[in-house]
Amino acid sequence: QVQLLESGGGLVQAGGSLRLSCATSGLTFSMYNMGWFRTAPGKEREFVGGIIRNGGSGRIADSVKGRFTISRDNAKNTVFLQMSNLKPTDTAVYYCAATATTAFIPTTPAAYSYWGQGTQVTVSS
C-alpha cells in the first residue's frame, strides 16, 4: 500500500519559513518524480514545484521562485519543500505527490498517481 505523509505545516508570520516533509512508503521512491501542490480556499490545486528521481534538477512555479526550494533524500524516501519569506498568499493546504512520468516534471495534478493527505500552512500578516 502506497502512503505519502506530509508534515511540517503550521502557522507562521509573514516573512517566516517552514520546511515541509513528505515521507513515502510502499513505492520504489527513487523511480518517481515528486511534486508539491497547494490548494488555497476557493482556488484550484496549483503546482508549486517538482523534482526528478535522482534529485539532480527540479522545477519551481513562478509564484514561489526564489522563495521555495525542493529537495529529496532517496535513502529516506522523503521529499522536502523549504519555504522562505512566506506571504499570506501562500496560505493553503500543501500536498506532495508522486508521478511515474519521468521524462519531465508534470505540472498538472492528473499526471500524479499518488497523493498525501495534505498539511495546512497558514501565513499571518
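See the structure shown above.
Residues numbered from 1 in each chain as written. Predicted model: local features only at pLDDT ≥ 70, side-chain atom pairs only at ≥ 80, totals over all residues. Heavy atoms only, no water.

A.B. asks: Honestly, the overall build of the protein in this entry has me stumped. Any pointers?
C.D. replies: Along its length, the protein carries zero helices and eleven strands. When the helices and strands of the protein are placed in sequence order, the string is β-β-β-β-β-β-β-β-β-β-β. Computed over C-alpha atoms, the radius of gyration of the protein comes to 13 Å, within 12% of the 14 Å expected from 2.2 N^0.38 for 125 residues, which places it in the range of a compact globule. Dimensions along the principal axes, computed over C-alpha positions, put the protein at roughly 40 × 25 × 25 Å. Here the protein holds 125 residues, and the buried ones make up 43% of them. Pairs at least 24 apart in sequence give 59% of the contacts found in the protein among residues at least 6 apart. (Helix = DSSP H or I, 4+ residues; strand = E, 2+ residues; numbered from the N terminus. Rg over C-alpha atoms; globule rule 2.2 N^0.38 Å. Buried < 20%, exposed > 50% of the residue type's maximum accessible area, 1.4 Å probe, protein only. Contact = heavy atoms within 4.5 Å.)

A.B. asks: Sorry if this is basic, but what is going on with the environment of D90 here?
C.D. replies: Examined against the element boundaries, D90 turns out to sit in the loop between β8 (78-83) and β9 (92-99). According to the relative accessible area criterion, D90 is buried, its value standing at 0%. With residues near it in sequence (within four places) discarded, D90 still touches R38, V64, R67, F68, N85, V121 and V123. Polar side-chain contacts of D90 include one of 2.9 Å to the side chain of R38. (Polar contact = N/O pair within 3.5 Å; in protein donor to acceptor, adjacent residues only side chain to side chain.)

A.B. asks: Looking at this model, I keep getting lost on the sheet that holds strand β3 (residues 18-25). Mind explaining?
C.D. replies: One key point about sheets: their strands pair by backbone hydrogen bonds, in either a parallel or an antiparallel sense. Taken in spatial order, the four strands line up as β1-β3-β8-β7 in an open sheet, and their pairing is antiparallel. Two strands close off the open sheet at either side, each with one partner strand: β1 (3-7) and β7 (68-73). The sheet shows a mean angle of 15° between the axes of neighbouring strands, direction not considered. (Pairing = 2+ DSSP bridges. Axes fitted to C-alpha atoms, helices over the stretch in contact; angles between N-to-C directions.)

A.B. asks: Looking at this structure, how should I read the pairing of strand β4 (residues 33-39)?
C.D. replies: Looking along a regular strand, one sees the side chains alternate between the two faces of the sheet. Counting buried residues in β4 gives six out of seven residues, a clear majority hidden from the surface. Sheet topology note: the β4/β9 ladder contains seven bridges and is antiparallel. The partner of F37 across the bridge, within β9, is Y95. Sheet topology places β4 next to strand β5 (residues 46-51); five bridges connect them, and they run antiparallel. Across the sheet, the residue bridging to F37 is F47, located in β5. The antiparallel hairpin formed by β4 and β5 contains six residues in its connecting segment, where G42 sits at a positive phi of about 75°.

A.B. asks: Just to check I follow, could you spell out the pattern of salt bridges for this structure?
C.D. replies: Close approach of charged atoms allows side chains with opposite charge to pair. If you walk through the whole model with that rule in mind, you get four salt bridges. Note that R38 and E46 form a salt bridge whose closest N and O atoms lie 2.8 Å from each other. Accessibility expressed as a relative area gives 6% for R38, which makes it buried. Its salt-bridge partner being D62, residue K65 comes within 3.1 Å of it at the nearest N-O pair. Residue classification places K65 among the exposed residues on the basis of a relative accessible area of 53%. Connected through shared salt-bridge partners, R38, E46, R67 and D90 make up one network. (Salt bridge = Lys/Arg side-chain N within 4 Å of Asp/Glu carboxyl O.)

Worth remembering: the numbers are spatial, not functional.
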